[in-house]
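Chain by chain, the residues:
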Amino acid sequence: MFKNFIAGEWLDGARVSRNINPSDTRDLVGEYAQADAAQARLAVASAEAAFPAWSMSTPQQRFDILDAVGSEILARRTEIGDLLAREEGKTLPEAVGEVTRAGHIFKFFAGEALRPGGELLPSVRPGVGVEITREALGVIAIITPWNFPIAIPAWKIAPALAYGNCVVFKPADLVPGSAWALAEILSRSGLPQGVFNLVMGRGSEVGTVLLEDARVSAVTFTGSVGTGQKVAAACVARMAKFQLEMGGKNPLIVLDDADLDVAVNCAVQSGFYSTGQRCTASSRVIVSEGLQQRFVAAMVEKMKALKVGNARQIGIDIGPVVDQTQLNQDLDYVRIAQQEGASLAFGGEALAENEQGQPGFYLRPALITETSPEMRINREEVFGPVVSVQTARDYEHALALANDTPFGLAAGIVTRSLKHATHFKRHSQAGMVMVNLPTAGVDYHVPFGGRKGSSYGSREQGRYAAEFYTVVKTAYTLP
Ligand SMILES: NC(=O)C1=CN([C@@H]2O[C@H](COP(=O)(O)OP(=O)(O)OC[C@H]3O[C@@H](n4cnc5c(N)ncnc54)[C@H](OP(=O)(O)O)[C@@H]3O)[C@@H](O)[C@H]2O)C=CC1
Ligand SMILES: O=C(O)CCC(=O)C(=O)O
């Protein structure tokens with residue numbers, strides 16, 4: 001039994017959740033304690049008690065701890081990557097890559113702890129000095145989704161601690177294993193008791209406490225739009241700071257002058273890898289008329305060669321969908337698209353088992369053509385290996401189609417035209433824009449986030465994370 005970490009102790013939960021391997025549903029990854037509301041409140045209390053001392057800890061102390069955590073994650077990347085692949089279903093190379101990213105994130109924010117910002121200015125009044133500093137907020141609640149079970153926790157926990165906050169971390173109930181492994185490393189890192197707390201459990205119970213408890217100063221959330229709206233409403237009601245990263249319906253434009261191989265690689269990589277379960281996935285490909293037929297034919301050829309199977313097996317390109325609910329959602333969207341008049345050019349069928357006969361949530365990646373902008377497949381996030389194709393008359397039409405979405409997380413263009421690439425970077429209504437690169441798979445040292453319905457609040461990652469995890473103070477002195 002894997003326990004919760006509250007007030008410096010490992011505690012049994014009120015219930016137990018079973019973590020099942022989506023590549024082979026006979027395989028139980030482990031049993032994990034589920035905290036109840038009382039334990040969530042205990043975690044908040046312990047974080048609150050630890051805050052005065054931790055917020056005054058030295059940059060050196062924070063650096064040493066975060067740097068050592070990063071080193072251990074990197075040293076154990078293969079082992080933790082295997083656990084991640086086993087519980088979430090992304091392929092082993094993708095999972096090891098995610099763990100590596102988590103290690104680098106801790107090291108990046110270790111460095112940031114040594115670079116506190118601040119300004120010293122003369123006042124407009126004679127003899128008065130003005131200091132602008134950043135201070136820690138207090139207790140931060142961190143609520144994360146299942147699709148990046150260690151990288152997303154890392155890019156929230158590391159800055160929270162680096163800037164002097166205390167943390168109550170609630171990972172997704174579906175994939176507690178990688179989160180637990182990270183918490184176990186943090187539990188031995190030298191953090192004072194109560195600075196970091198892990199409360200695995202249900203969003204409806206543990207999550208609700210974290211949103212409503214007045215001792216929680218800020219909530220950082222990644223997940224679905226529906227839950228994001230609940231987080232926002234609860235935080236506004238009690239004036240807590242919050243930050244939301246939610247869905248995407250990310251476009252990838254392919255212009256007539258594109259290198260076809262680059263275009264297909266970008267579309268396959270960001271549409272289907274990680275089983276399409278990324279908020280940055282290119283789920284809409286917008287191709288200009290002259291290249292449309294060749295692009296679809298080349299995509300189908302590439303997709304025929306993709307190996308769908310056990311995430312931990314060498315040579316597999318696409319692991320399983322995370323669970324039956326998500327698989328049903330993916331299949332529903334493939335069906336709805338066809339009912340609305342689109343064509344299924346390739347894939348889209350569930351496979352009850354892989355080539356080894358292991359039962360899992362397998363889905364052959366789907367390419368849907370002859371779609372139009374108003375179809376649900378072009379408006380709603382599927383969160384699976386399902387890509388739609390729209391045809392554009394020219395660049396201007398493609399740009400209009402790309403921006404015609406309630407979301408605005410990432411957007412890409414494949415072109416040899418500097419003019420169009422430059423125009424697109426300026427006029428895309430997305431937070432992250434890629435030229436001749438996949439929309440998914442971003443750097444860890446630069447800002448991450450979107451516009452419109454995709455994100456709310458300040459950016460995550462890189463130096464920009466300081467905006468959320470600190471509060472600015474302006475001090476005036478007349479010596
Ligand atoms: N843009 C993105 O990065 C992501 C988007 N998604 C989208 O969300 C869909 C569902 O994924 P899922 O992970 O279940 O997303 P959710 O939004 O349901 O869950 C995200 C996190 O919020 C928690 N939570 C759920 N309800 C509440 C609540 N009332 N109060 C506080 N916390 C709560 C969840 O806990 P628990 O695990 O117990 O439910 C989980 O830890 C996907 O199909 C996809 O469309 C998902 C992941 C990432
Ligand atoms: O594409 C990436 O690198 C990050 C994606 C992500 O954060 C997400 O899907 O939640």
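The rules behind the values
Residues numbered from 1 in each chain as written. Chains lettered and ligands numbered in written order. Predicted model: local features only at pLDDT ≥ 70, side-chain atom pairs only at ≥ 80, totals over all residues. Heavy atoms only, no water. UniProt positions renumbered as here; feature names shortened; annotations may be inferred. Near = heavy atom within 4 Å. Polar contact = N/O pair within 3.5 Å; in protein donor to acceptor, adjacent residues only side chain to side chain. Areas by Shrake-Rupley, 256 points an atom, 1.4 Å probe, with all protein chains shown as cover. Helix = DSSP H or I, 4+ residues; strand = E, 2+ residues; numbered from the N terminus. Nonpolar A, V, L, I, M, F, W, Y, C, P; charged D, E, K, R; others polar. Domains from an automatic or database assignment. Pairing = 2+ DSSP bridges. Axes fitted to C-alpha atoms, helices over the stretch in contact; angles between N-to-C directions. Contact = heavy atoms within 4.5 Å. Salt bridge = Lys/Arg side-chain N within 4 Å of Asp/Glu carboxyl O. Buried < 20%, exposed > 50% of the residue type's maximum accessible area, 1.4 Å probe, protein only. Buried area = accessible area lost by both parts, 1.4 Å probe. pLDDT = per-residue confidence, 0-100. Patch = residues over 30% accessible without salt bridge, like charges linked within 9 Å, V, L, I, M, F, W, Y side chains within 5 Å. Lys, Arg positive; Asp, Glu negative; His and termini not counted. Charge placed at Lys NZ, Arg CZ, Asp CG, Glu CD. Expected span 1.5 Å × (residues − 1).

Under the annotation held in an unreviewed UniProt entry, the chain carries the name Aldehyde dehydrogenase family protein and is attributed to Roseateles oligotrophus. The Sequence similarities (unreviewed entry) comment attached to the chain in UniProt states, word for word, "Belongs to the aldehyde dehydrogenase family."

Things to note about the site of ligand 1
In the vicinity of ligand 1 there are 28 residues, among which Thr-144, Gly-203, Ser-224, Met-246 and Gln-326 approach most closely. The side chain of Trp-146 places a nitrogen or oxygen atom 3.0 Å from an oxygen atom of ligand 1. The separation between a nitrogen atom of ligand 1 and a polar main-chain atom of Met-246 is 2.2 Å. The fraction of the free accessible surface of ligand 1 (860 Å²) that becomes covered by protein chains is 84%. Listing elements by their share of the shell around ligand 1, those giving two or more residues are helix H7 (203-212), strand S10 (216-222), helix H8 (225-237) and helix H11 (324-339). With four residues, H7 is the largest single contributor of residues to the shell around ligand 1. When grouped by side-chain class, the residues that make up the shell around ligand 1 number 10 nonpolar, 13 polar and five charged. The residues that make up the shell around ligand 1 include at least three from each of domain 1 (4-246 + 454-477) and domain 2 (250-435).

Focus on the sheet that holds strand S13 (residues 282-288)
Read across the sheet, seven strands follow the order S14-S17-S18-S13-S12-S19-S20 without closing on themselves; strand pairing throughout is mixed. Looking along the sheet, the strands with just one partner apiece sit at the ends: strand S14 (343-346) and strand S20 (432-435). Between one strand axis and the next, the sheet turns through 25° on average, direction left out of account. Here five bridges tie strand S12 (residues 250-254) to S13, and the two strands are oriented parallel to one another. Along S13, the bridge assignment pairs Val-254 with Val-287. Its contacts with the sheet put H11 on S14, strand S17 (366-369) and strand S18 (386-392), and the angle it makes with S17 is roughly 20°.

Some words on the site of ligand 2
Residues in close proximity to ligand 2 include Arg-101, Asn-147, Phe-148, Ile-152, Trp-155, Arg-278, Cys-279, Thr-280, Ala-440, Gly-441, Val-442 and Phe-448, which together make up its full environment. Within the backbone of Gly-441, an N or O atom sits 2.8 Å from an oxygen atom of ligand 2. Taking 290 Å² as the accessible area of ligand 2 by itself, protein coverage stands at 99%. Looking at the shell around ligand 2, its residues break down into seven nonpolar, three polar and two charged. Both domain 1 (4-246 + 454-477) and domain 2 (250-435) contribute no fewer than three residues apiece to the shell around ligand 2.

With respect to the pattern of salt bridges
Following the criterion strictly, the structure yields 23 salt bridges and no others. Notably, a salt bridge pairs Asp-27 with Arg-86, separated by 2.8 Å at the nearest N-O pair. Placement of Asp-27 in the loop between strand S3 (15-20) and strand S4 (28-34) and of Arg-86 in helix H3 (residues 77-88) is noted, with a sequence separation of 59 residues between them. In this structure, Asp-27 and Arg-86 share a single accessibility class: buried. With its nearest N and O atoms 2.8 Å apart, the salt bridge here joins Arg-188 to Glu-184.

Side note on the domain arrangement of the chain
The domain boundaries assigned to the chain delineate domain 1 (4-246 + 454-477) and domain 2 (250-435). Tallying the contact residues gives 26 residues for domain 1 and 29 residues for domain 2. Both sides together, the interface formed by domain 1 and domain 2 hides about 2100 Å², and carbon and sulfur atoms give 56% of it. On the domain 1 side of the contact with domain 2, Ser-23, Trp-146 and Ser-454 bury the most area, a combined 24% of that side's loss. At the boundary of domain 1 and domain 2, one finds one salt bridge. Across the salt bridge formed by Arg-312 and Asp-82, the nearest N and O atoms sit 2.9 Å from each other. Across the domain 1-domain 2 interface, the total number found is 10 residue pairs in polar contact (both at pLDDT 80 or more). Looking at the side of domain 1 that touches domain 2 residue by residue, the classes come out as eight nonpolar, eight polar and 10 charged.

As for the confidence of the model for the chain
When pLDDT is averaged along the chain, the result is 98, and 100% of the positions lie at 70 or above. Both scores are given for the predicted complex: the pTM is 0.98, the ipTM 0.95.

Thoughts on a negative patch on the surface
Taken together, the side chains of Asp-256, Glu-289, Asp-394 and Glu-396 make up a negatively charged region of the molecular surface. With respect to the helices, strands and loops of the structure, Asp-394 is situated in the loop between S18 and helix H12 (395-403).

Side note on the side chain of Gln-243
Counting through the fold element by element, Gln-243 comes out in strand S11 (residues 241-245). Taking relative accessible area as the criterion, Gln-243 reaches 0% and is therefore assigned buried. Polar contacts involving the side chain of Gln-243 include one to the side chain of Thr-220, which spans 2.6 Å. Setting aside chain neighbours within four positions, we find Gln-243 in contact with Lys-156, Val-219, Thr-220, Phe-221, Tyr-456, Ser-458, Arg-459, Glu-460, Phe-468 and Tyr-469.

Details of the sheet that holds strand S5 (residues 118-122)
Spatially, three strands are ordered S5-S6-S22 in an open sheet, and the strand pairing comes out antiparallel. Of all strands in the sheet, those with a lone pairing partner are S5 and strand S22 (470-477), marking the two edges. Direction aside, neighbouring strands of the sheet carry axes that sit 20° apart on average.

Re helix H9 (residues 260-272)
One turn of the α-helix equals 3.6 residues, which is why residues spaced by three or four share an orientation. Over its 13 residues, H9 extends 17 Å from the first C-alpha to the last, a length consistent with the 18 Å expected when each residue adds 1.5 Å. Two or three places before Asp-261, at the opening of H9, Asp-259 has a side-chain oxygen 2.9 Å from that residue's backbone nitrogen.

Observations concerning the UniProt feature "active site" (unreviewed entry) in the chain
Feature annotation in UniProt places "active site" (unreviewed entry) on Glu-245, given in this structure's numbering. With respect to the helices, strands and loops of the structure, Glu-245 is situated in strand S11. Given a relative accessible area of 2%, Glu-245 falls into the buried group. Among all residues touching Glu-245, those that are not within four sequence positions of it are Phe-221, Thr-222, Gly-223, Leu-409, Phe-448, Gly-449, Gly-450, Ser-454, Ser-455 and Glu-460.

Concerning helix H5 (residues 151-162)
Taking 1.5 Å per residue as the helical rise, H5 with its 12 residues ought to reach 16 Å, and the 16 Å between its terminal C-alpha atoms agrees with that figure. Among the 12 residues in H5, 12 count as buried, and that is most of the element. Restricting attention to buried positions, one finds in H5 the residues Ala-151, Ile-152, Pro-153, Ala-154, Trp-155, Lys-156, Ile-157, Ala-158, Pro-159, Ala-160, Leu-161 and Ala-162. Two residues or fewer past H5, Gly-164 is found with a positive phi of approximately 95°.

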